Amino acid sequence: MSDTEARVVRVVPNGPLMVQGPVRIEMADGQVVESDRFMVAVCTCRRSKDYPLCDTSHRCRPGRTPATSTQRSA
């Protein structure tokens, strides 16, 4: 990709920003995160353990319910 071509950034509803790579992300604290992948998922929910890169923490986990005080009969 040349410098004259526009980067493609796709917004995923309730998900990350998909950025055409490679990318260099400069954080507010001066830290630099680089990825040479052809497409990079940038976290927008801040739940990722690999922030600023997405680790799919934003996804709802099927079959999981919030803790409730239900009792089972024996």
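Residues numbered from 1 in each chain as written. Predicted model: local features only at pLDDT ≥ 70, side-chain atom pairs only at ≥ 80, totals over all residues. Heavy atoms only, no water.

Here we look at the pairing of strand E5 (residues 39-42)
Phase 1: Going residue by residue along E5, you find Val40 and Val42 tucked away on one face and Met39 and Ala41 left uncovered on the opposite face.
Phase 2: Of the pairings in the sheet, the one linking strand E2 (residues 17-20) to E5 comprises four bridges and is antiparallel in character. Bridge pairing links Met18 to Ala41 in E5. (Buried < 20%, exposed > 50% of the residue type's maximum accessible area, 1.4 Å probe, protein only. Helix = DSSP H or I, 4+ residues; strand = E, 2+ residues; numbered from the N terminus. Pairing = 2+ DSSP bridges.)

What about the sheet that holds strand E1 (residues 9-11)?
Phase 1: Reading across the sheet, the three strands line up as E1-E2-E5 and stay open at both edges, with antiparallel pairing between neighbours. Each edge of the sheet is formed by a strand with only one pairing partner; in this case those strands are E1 and E5. Sheet twist, expressed as the mean angle between neighbouring strand axes with direction ignored, is 20 degrees.
Phase 2: Of the strand pairs in this sheet, E1 and E2 are connected by three bridges, and their pairing is antiparallel. The partner of Arg10 across the bridge, within E2, is Met18. (Axes fitted to C-alpha atoms, helices over the stretch in contact; angles between N-to-C directions.)

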